[in-house]
Structures are given as C-alpha cells and as structure tokens.
Amino acid sequence: MILKYDVIVIGGGHAGCEAATASANMGAKTCLVTMDMNKIAQMSCNPAIGGIAKGQIVREIDALGGQMALVTDATAIQFRMLNRSKGPAVWSPRAQCDRGKFIWKWRQMLDETPNLDIWQDQADELLVENGEAVGVKTIWGCELRAKAVIITAGTFLNGLMHIGRKMVPGGRIAEPAVPHFTESITQHGIRSARMKTGTPVRIDKRSIHFEDMERQDGENGYYKFSFLGEQRPLQQLPCWVCYTNEEVHETLRSGLADSPLYNGQIQSIGPRYCPSIETKLVTFPDRPQHLLFLEPEGETTNEMYLNGFSSSLPMDVQIAALKKIPALRDLKVYRPGYAIEYDFFDPTQLKHSLESKVIKGLFFAGQVNGTTGYEEAGGQGTLAGINAALKAGSAGLSDTTTETTFELKRDEAYIGVLIDDLVTKGVDEPYRMFTSRAEYRILLRQDDADARLTEKAYHLGLASRLRYDWWLEKKQHIEEIEHFCKNYAIKPKLVNSALEAIGSTPLVYGCKLEDLVARPELNFEKLYAIIPELKAKIDALPNRQEEIAEAAEIHMKYKGYIEREQMVAEKMHRLENIKIKGKFDYPNLTAISTEARQKLEKIQPETLAQASRIPGVSPSDINAMLVLMGR
C-alpha cells in the first residue's frame, strides 16, 4: 500500500507533535507516524514543562502558533515563575503537569488539526531518490511518500536500556527500540553517534512520610504559559523536598561496581546538567547530601517522581539506598530508575532550517539532533514543521508567504540560539538550553515572545488570526500605558512623603511618571498607592491587565538596556548579511589557521557571522576572510 502526503513526520514525541501540527496548520497534507497512538507526547522523564530558558522556549513556541503552552496550561498541577529574585531577562516559567491528561490533551489537539493524519506503525527504511528524501517504508510494508520527511525519533533508534548489568533493547520502558532505521539514513553519508540519558525511580505516595519532608507550593497568580487560553483548570498540588545522607551514599557506593556508567557497559556521553546520582557521588565525593524533589505525576494518581535521583544502578541498590532517607523508610516503588543509550545524528550536517545538507527534503528535530528536554524538542519541531511545509510548497500556504525557508536569529529567539548552536558548534554531550547560552538575554524575555514572533508567524500562515489580533490589542494597550507614563507629570510635594516611606529618594524637581518607573526600588504595585491614576488606567483595560502591565513596566524600566542590546545585535547582523557559502576553498586558504580551515571545511557556514561562532575560528581568521573578500 502506498500513501501520499506533502510532509511525513516520524515520531509522536514533543518534536513530532509540534512539527506535525505546524506543517498541517500551514496547509501541508501531513502524516504523523507513531508506534503508539496512546502515548502521544509522552513525558518520558519528569512530567514538567519549562524551567530556566526552557520556559522561554515554550512561550516562543506558543507565540509562533504551536501547541505546547496550551496543552501545559490545560494539564498543569503546579506553576512557578523561576528566578524572580533576579532581573526579568531570566525569569522562567515552569509547570508540573498531569502526565496522563497531557497525553490526551495533545491527542485531542492532533485529532482536531485539519490536514493531519495519524498512522500507527514503525518506520523501517528511509526512501531516497536522486539525493532527495521521498518517503519511508514501515515494518508492516506500508510505503508513505512525501515531498519532505521529518525525523523526530527521540531515544528509540537502536535504543538500549540499562538497570545494573541487565540490558534490554527499548526506546522507553516497556516500549520497543527501532532497529535498522538509523542504518538506512547513515548509508547516504549522514553521520551518527550514541548518547545516553536516564530517568529516576517512580514512587508510591502512600508509602511516603510527608511529615519528614519540606512542602513546596506553587504560585496561584495570573501567570500561565500561553498568551491565549484560560487559567489552569486542574487542582494545584504541592511538591516536596528532602535530601540524601551519608548512609544513602554508602549504600550507593556499594553498587558502583555494577553501575553501567562505571563498569564499561555504557560508553556514550550522558547529560552534564542532569547527572545520575552515582555521577554526583563520584564527581562530588565530599558533599554530605544532595537535594531531591518529590513531584506528583498527576492530579489523582499515587505515582510520584523523585527528581534528582536519576540512576541505572541495580534496582535492589536503588531501593535500599532510598530507604535510608527518613521520609522514604517505608518506600514502595512502581519501577526503578534506568539509563538508555540511543542514536543521534551530527547536527552540523544540518542547515539552519533543520534540513539536511546531505539529503534534500530530509529534516531532523529533537533528541536525534543531540538535545535534551521536551522544550528544546518542541522548538526544533516547530521550525522543522514550518520549513518542511515551505519545502513541500503546499497550496494551502498563506498567500503572503514568499519565503523558501524560515529561520530565527540569535537575537530573535532562544529557538534561534538553540539551532545556531547545534548546526554551528555541534554537540559532544546532550545539549540543554540555559539563559547563559544567549548573548541577547534582555531581548529574549519570557514576557515578550509574542512581540518578537507572532507577527512573523501570522504572515507565514501558522499563527491564527485570533492569536494575531490578541497580540495587536496587547501591543496597543502597552503603548497606551507607556504614553500615559511618559506624559503624566509628577509634582514633588504630592509624592515625596510616600517615596520616603518606601525608602525611595524624594524628588527635588518635578518629573514624568516614567522616571519613577525606571527606579530599581519602585514598581507598578508600589506606584499604585502613590499614583491612583496609574491603577485606574490599568484597571480600565478590557482583559489580561496584569500581563499587559508587566510587559509595559519591564519595557520602560529596562528601555536603555534593551536599546543597547539591539544596537549590538544590529552590528552582528552586518556579518549575517555577508554570505560566504561556496566562496572559499578552505583546505587551500593559507591566510587562516589550520584549525579554522578544518572546522570551516567540515561545517560549511552560510554567513561570516556563523563562521565567527565556530569554535576554533578566531577573530583574526574572520578579518583575513574579510580582506580576501575585498571588505
């Protein structure tokens, strides 16, 4: 049987779901191939979305017209805004979700997406003709043909799970691995390698002594992930905190000889920023305790997730060690932690559109590109879905769409930073996004993702008219508040006593309200009591008053920093405009260093700016290339 589509997406994880919905919503006839329709967007590890920098990515996916934020808000059982003690450039939303409801909400999203079919099967062979991907064959003999193929296979490609010395092929616990498919891709010249990740034990909450743990509640304010939609409908639940101790560590050390990480069983590299508990013991031998978070898996289930205790030690060692923690002395588990090894593909062989440089029409997104995290996967999936739909040239695309690819720059989105890092620098360990990876953090805040991206997505044909209209309304209200503050005159005698009472310097001369907003110790909430007209102005907004007020306040308070960073970004754009692909014979370019020649030959950067970000390419190498180009 042969089925024909514009775009085929292989894998129903977070990258695959975003890729499929993005492609289909742009008008491309799309097919999502998944091995189990009942585990769509499975949260294989922690059932949580967001976190440092990851929360910004989710808001960017939402601003582009993606689904992850909407699904998260509908299934969240705890919400927190991280880094509130720091500046707004690094505020990051995070939500604990109901794992089961998250899956079924995503399934509902897919079922309601026009132009999208789901095919339950397993990809077995990539079909390539004349250097172009034209489809896949499945293990059941179905042939799916398309103009573009997106690979989002997660940890399933030749997946191998480890608990102690026991090894079982699999992509996740109780789910089969996918053999052969990697080899059908690498035979065409695409490089692959192995990575490792892991997940902790799952605990029965009825066996936990919560009185011996520290309770950690979420926030119940107006914050949520999506710029659309309603507030969180589910019951909000607490998380809990406890610590390991020396008895726990001694028990764990007794099992290190059987640890796959230290007996030679696992050779691949694991995630630096989410290490297993045995790695923590070896790396930090003098630390007397390690922090653990016990987090709910759902609104009604007894299953709980022990964050911070990822492990592949023998199951009896894991359980014996955990019982040394007072709150877990009567511990019962649903399953032990395990590690998993899987194939990924060298992302330096990709363009910024996530299309392969080796095979036309073939796109990669998610963990197959060497990343970790649902959010990083979802961001890649969104961009891959957009570009696959553009590649397919579907008739349903927006009439205003004239682009052949859609790419995001480093000053436009964390998704742009993520993809540029992958294709320019490559990976030697599972990649995780942090705010520190972005040089334009003040431009990439969680509050302004819609300002950066929604208009682009609407003109592309992905963001809906509803989403675009809401952004235009929000933009108008922000400008109204800023105009009010810029023109509202402040007289010293009317405000000085109130300023002194809250520890702010009294005025000597009159000023405008925006000057008070700019003071670090003042914010809108404090100013409401001093300037009732400001409170009245915001209360008069028709909806989403808190969100609009925060966006306006941040923009006014950090205006100087924002403008300075925009100037720096503009200077870098000049190098982005200098195209160098195909203009240099790198092996014979003696004016630059040997290392630079080797790196440039391998990666083949599109622009001089991309070349400047390749490790091993120095500023003097860039200057030499500018001279050779007559600049």
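What you see is a predicted model, and the numbers here were worked out from it, not measured in a lab.

1. Side note on the sheet that holds strand 2 (residues 7-10)
What the five strands build is an open sheet, ordered 7-3-2-11-21; its pairing is parallel. Edge positions in the sheet fall to strand 7 (116-120) and strand 21 (362-364), since each has one partner strand and no second. Pairwise comparison of adjacent strand axes, ignoring direction, gives a mean angle of 20 degrees for this sheet. Pairing of strand 2 with strand 11 (residues 148-151), which is carried by four bridges, proceeds in the parallel orientation. Looking at the pairing, Val7 lines up with Ala148 of strand 11.

2. Considerations on unusual backbone geometry
The phi angle at Asn158 is positive, at roughly 50 degrees, despite the residue not being glycine. Along the chain, Asn158 turns up in the loop between strand 11 and strand 12 (160-163). Of note, the phi angle at His180 is positive, near 75 degrees, even though the residue is not glycine. Inspection of the secondary structure puts His180 in the loop between strand 13 (166-169) and helix 5 (181-186).

3. Things to note about the sheet that holds strand 4 (residues 48-50)
Spatial ordering of the open sheet is given by 4-6-5, a layout of three strands whose pairing is antiparallel. Each end of this open sheet is capped by a strand with a single partner; those strands are strand 4 and strand 5 (76-82). Between one strand and the next, the sheet's axes are offset by a mean angle of 15 degrees, whatever the strand orientation. Summarising the sheet, strand 4 and strand 6 (residues 92-97) pair through three bridges and their orientation is antiparallel. Note on strand 6: the bridge partner recorded for Ile49 is Ala95. Its contacts with the sheet put helix 3 (residues 68-75) on strand 4, strand 5 and strand 6, and the angle it makes with strand 5 is roughly 115 degrees.

4. A look at the confidence of the model for the protein
A residue-level look at the protein finds 98% of positions with pLDDT of 70 or above and a mean pLDDT of 94. Here residues 395-401 is a poorly scored stretch, pLDDT under 50, and it has 13 contacts once near neighbours within four places are set aside; other chains count.

5. Comments concerning the nonpolar core
In this structure, Phe181 and Leu513 are the most contacted members of the largest nonpolar core, which totals 133 residues. A total of nine residues in this core trace back to one element, the largest contributor, which is helix 9 (residues 374-392). Core analysis: the second largest hydrophobic core is formed by 23 residues, Ile208, Trp240, Leu306 and Leu328 among them.

Definitions and limits used
- Every chain is numbered independently, its residues counted from 1 as its sequence is written.
- Only residues with pLDDT of at least 70 get local features here, since the model is predicted, and only at 80 or more are side-chain atom pairs given and counted; chain-wide, interface and lining totals rely on the full set of residues.
- For side-chain calculations, the full set of non-hydrogen atoms in the structure is used, while hydrogens and water are omitted.
- Strands are labelled as partners when DSSP assigns at least two bridges between them.
- Strands here are runs of E lasting at least two residues and helices are runs of H or I lasting at least four, both read from the DSSP assignment and numbered beginning at the N terminus.
- All axes here are fitted lines through C-alpha atoms, helices being fitted over the stretch that makes contact, and every angle between N-to-C directions spans 0 to 180 degrees.
- Residue contacts are defined here by distance: any two heavy atoms, one from each residue, within 4.5 Å place the two residues in contact.
- pLDDT measures the predictor's confidence residue by residue and takes values from 0 up to 100.
- Only buried residues count toward a nonpolar core, which is a set of Ala, Val, Leu, Ile, Met, Phe, Trp, Tyr and Cys residues joined through side-chain atoms within 4.5 Å.
- Between buried and exposed lies partly exposed: a residue is buried under 20% and exposed over 50% of the maximum accessible area for its type, with that area taken using a 1.4 Å probe on protein chains only.

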